[in-house]
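Coordinate analysis (summary)
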2 protein chains.
Amino acid sequence: MERIVCKFGGSSLAGAQEFKRVKEIVKADPRRRVVVVSAPGKSKEEPFKVTDMLLMCAQLASAGFRYDEIFEQIANRFRSLCLELELSLDIEKLIDEVNQHISSGASAASCASRGEYMCAQLMADYLGWPFIDAADLFLFSSETELNEEETYRRIKERLSSFEKAVVPGFYGAMSDGTLTTFRRGGSDITGSLLAAGLEATLYENWTDVPGLLMADPKIVKDAKPMRYMTYPELRELSYMGAKVLQEDAVFPISKTGIPLQIRSTLLPEDPGTLISENGVQSGVVTGIAVKKNFRVFTLEKTKMREDKGFLRKLLSVFESNRVTVEGTPTGIDSVSVIVSEEQLTGKLDKIMEEVRMYCHPQRLTTQPGLALVVVVGKGMIRKKGVAAKVFTSLANADINIRMISQGSSELSILVGVENEDADSAVAALYETFKGE
Amino acid sequence: MERIVCKFGGSSLAGAQEFKRVKEIVKADPRRRVVVVSAPGKSKEEPFKVTDMLLMCAQLASAGFRYDEIFEQIANRFRSLCLELELSLDIEKLIDEVNQHISSGASAASCASRGEYMCAQLMADYLGWPFIDAADLFLFSSETELNEEETYRRIKERLSSFEKAVVPGFYGAMSDGTLTTFRRGGSDITGSLLAAGLEATLYENWTDVPGLLMADPKIVKDAKPMRYMTYPELRELSYMGAKVLQEDAVFPISKTGIPLQIRSTLLPEDPGTLISENGVQSGVVTGIAVKKNFRVFTLEKTKMREDKGFLRKLLSVFESNRVTVEGTPTGIDSVSVIVSEEQLTGKLDKIMEEVRMYCHPQRLTTQPGLALVVVVGKGMIRKKGVAAKVFTSLANADINIRMISQGSSELSILVGVENEDADSAVAALYETFKGE
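Let me begin by describing the structure that accompanies this report. All of these numbers come straight from a predicted model, not from anything done at the bench.

About the thresholds
Residues numbered from 1 in each chain as written. Chains lettered and ligands numbered in written order. Predicted model: local features only at pLDDT ≥ 70, side-chain atom pairs only at ≥ 80, totals over all residues. Heavy atoms only, no water. Helix = DSSP H or I, 4+ residues; strand = E, 2+ residues; numbered from the N terminus. Buried < 20%, exposed > 50% of the residue type's maximum accessible area, 1.4 Å probe, protein only. Areas by Shrake-Rupley, 256 points an atom, 1.4 Å probe, with all protein chains shown as cover. Lys, Arg positive; Asp, Glu negative; His and termini not counted. Charge placed at Lys NZ, Arg CZ, Asp CG, Glu CD. Pairing = 2+ DSSP bridges. Axes fitted to C-alpha atoms, helices over the stretch in contact; angles between N-to-C directions. Contact = heavy atoms within 4.5 Å. Polar contact = N/O pair within 3.5 Å; in protein donor to acceptor, adjacent residues only side chain to side chain. Least-squares fit on C-alpha atoms with pLDDT ≥ 70 in both.

All right, on to the overall build of chain A then. A tally of regular secondary structure across chain A gives 14 helices and 15 strands. Judged by the C-alpha coordinates and their principal axes, chain A covers about 80 × 50 × 40 Å. The proportion of buried residues among the 436 residues of chain A is 57%. Only carbon and sulfur atoms are counted for the fraction: they give 49% of the accessible area of chain A, which is about 17,900 Å². Within chain A, the 60 negative side-chain charges are centred at a point lying 5 Å from the centre of the 53 positive side-chain charges.

This is the structure we're talking about:
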């Protein structure tokens, strides 16, 4: 049985109009059998996300304050939805249940999850499909740790007997029934795990943007969307700061080779971005991303290479300080270590001291303010002229290069520039490659 | 007192004509006070190097064979020199002394050193300068290990009282008087240590080529010489296979900041190449070199970065197998290790096995046949357009790029290409940068 798992984000569920649009989309393809919903988000009419309001309620309740004014807003939002969509479900009973859950002293995460819980019940009623509680599928072994094996077993066992189903995103339960939520990735990860567990044909992630853009729209206005992409490309771009699905949400489907399509409910005819294992080659460069605020440590030591353990000793200093090393460009008598500045808070002096102690460099310098710009495209490094275009583009834009590297994966070129040149670099590269 | 240490190579001392040229050069600048000589080398008239003939004598003698025929050739060569240069020294006494040294069962190294010993005595006589035996200056703590501290002390103490001196290159003595030679660098290292010990103004290295060439003349016919260069540039080029002074010979002067000038006795008016600490910027690119036969190991492992010790563990495998790692280009979920193939003889399977065992990669591949082409120029990486030119040049020459890296030192760009493309890459880059 062909099965598409569709996940709809909060902005696609903000009001009755949005619910109607979702229904149209779902009904348009009979393979769309599993719908995952977030909690209703912001819209022109609604200034708050339901989840944020629930968190406020939980906070007030746990401190012993009244939360009824805020809760009433949440309740009214769901009441209006039922009214406008002419739903038959007993909304007052549902609202009471959630209110009692909050007042019973449930954890903040547990309270926050009730937005998805209610939303999914409304959507199930609206579509005329069964509601399957995420608490019965997603088993957490602790507040933060999912028991993946058992979760997949339950998804297979309990969900595959249903031809259609609506599942709330974002949460699961521990073995004692206590609710908890995914720390990173939210409802996206729910959909991804369902798609993987059901061996779905496709995981559709419906948002309010027409797919992934070739560059950050804050830097490049009207950046064009990418039609096709591979998982390794996605990962490279997302690691380097592109706003895409949270990594944990991509992992289950990329691991099982299920394609992911990111589409916009506002443009349901638009194919959005299709991400798959091997992809369809559309352009030379798939995307451009940038991450700022790296710091470079440079060690100079003559005949460094004769000490075969030099690099290992150097890396062990960063490891023991729990700092992830981004890269280690190596010269003949020098080596640099690139790390993100944020990891170094309160550790810089200690690391400098330890590097001096264990590695005895003749010279040790450190420089902040490096931005890493990544140009991603499957196999681009082997394509004649691509590297030339990258550097000609940067030269024409008057950008000084501090560093060049290229991932071992042959799908990206990494260029280090000054923080303040980073945006111009992205803009220049976008202009160069957008037409290809 | 300004002092230039001049070292003359074997081809600059092959016959009487060459001796005359050396004298002219030495006398042309009164600051040239210390002359270091190699043993007479090959020339049109002389098919053998004196050193090689001495080694043959030593070999024959140690096996109990007669060596007089070969020794007579050596003797005659020095006799002719004395005759043609009208020297007054007792050449027969010198020849006898060396003959007895060989027949006494001295080591091969000790016998080989007698070429420099005799040559320096002739040169001292010809210039009218004192001969200072290297055995009294260069103290070895073992057959291969120089006692640098004591050597510098002796150079300062014994040599600085002489206004002029001729010193034989290549050898020194252990504390019991046994002669031994420098394993790498030969007479070049003698001159370098003398220059450093005497805090000379300049170390002149006179050869038969007009300085260092911008690219290997075997690849680029008529490659032009470089006028200026810095020590770090020299080191980068020499490490990457450019034929220049042996590294051990450069180290003493580069460490003390004494400039090195490489000049040709055939073109004494030509300034050759001047290498100094900071250099004089002449062109954007100083030189281009290539080293072939590297092997790349590529590991893929999802979420590799979450294991902060991953890279360290990987490097420790190579370290424990005593393999020097050239570089570690790092991607998001993958890392490559570049090592020279020659180091891997008999170790490849073991290393692959250990990498699998300690690092648990999802995928481990290895590929031979990588050549590393280096483009060297101080500060070039920050210069607008240089990187663009490098890659445009390679693209126009139809060369596929396998890897890009850039030394942490900002003075080079390293490009990995297939072995078979390496020469075309050097030629293309030379054409691009020769005019700048």
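Here the narrative resumes, following the displayed structure.
Turning our attention to the sheet that holds strand 7 (residues 202-207) of chain A. Residue and element names in this part refer to chain A. Strand order in the open sheet formed by seven strands is 4-2-1-7-9-10-8, and the pairing between neighbours is mixed. Because the sheet does not close on itself, it has two edges, and the strands there are strand 4 (165-168) and strand 8 (228-230). The mean inter-strand angle of the sheet, taken between neighbouring strand axes irrespective of direction, is 20 degrees. Pairing between strand 9 (residues 260-264) and strand 10 (residues 273-276): three bridges, direction antiparallel. Directly across from Leu260, in strand 10, lies its bridge partner Ile275. Together, strand 2 (32-37) and strand 4 form the strand contacts of helix 6 (residues 114-127), whose direction differs from that of strand 4 by roughly 165 degrees.

This part covers the side chain of A:Glu354. Residues and elements named next belong to chain A. Locating Glu354 in the fold gives a position in helix 12 (residues 348-359). Here the side chain of Glu354 touches Asn321 through a polar contact of 3.2 Å, side chain to side chain. Not counting chain neighbours up to four residues away, the residues in contact with Glu354 comprise Val317, Ser320, Asn321 and Cys359.

Turning our eyes to something else, we now look at the sheet that holds strand 4 (residues 165-168) of chain B. Strand pairing within a sheet occurs via backbone hydrogen bonds; the two strands may be parallel or antiparallel. Residues and elements named next belong to chain B. Strand order in the open sheet formed by seven strands is 4-2-1-7-9-10-8, and the pairing between neighbours is mixed. If you trace the sheet from one side to the other, it starts and ends with strand 4 and strand 8 (228-230), each paired once. Each neighbouring strand pair of the sheet contributes to a mean axis angle of 20 degrees, computed without reference to strand direction. By the bridge criterion, five bridges tie strand 1 (residues 4-8) to strand 7 (residues 202-207) in an arrangement that is parallel. Across the sheet, residue Val5 finds its bridge partner in strand 7, namely Tyr203.

Before going further, it helps to examine the relation of the copies chain B and chain A. When chain B is fitted onto chain A, the two copies agree to an RMSD of 0.2 Å after a turn of 179 degrees and an axial shift of 0.0 Å. Both copies of the chain, as the preceding transformation shows, are related through a two-fold rotation axis. Interface overlap between copies: 98% of the residues of chain B at the interface are likewise at the interface in chain A, consistent with a symmetric, same-surface contact.

What follows concerns the pairing of strand 13 (residues 363-376) of chain A. Residues and elements named next belong to chain A. In this sheet, strand 13 lies alongside strand 11 (residues 287-300) in antiparallel orientation, the contact comprising eleven bridges. Bridging from a neighbouring strand, Thr298 pairs with Thr365 of strand 13. Note: strand 13 against strand 15 (residues 412-418), seven bridges, orientation antiparallel. Across the sheet, Val374 pairs through a bridge with Leu414, a residue of strand 15.

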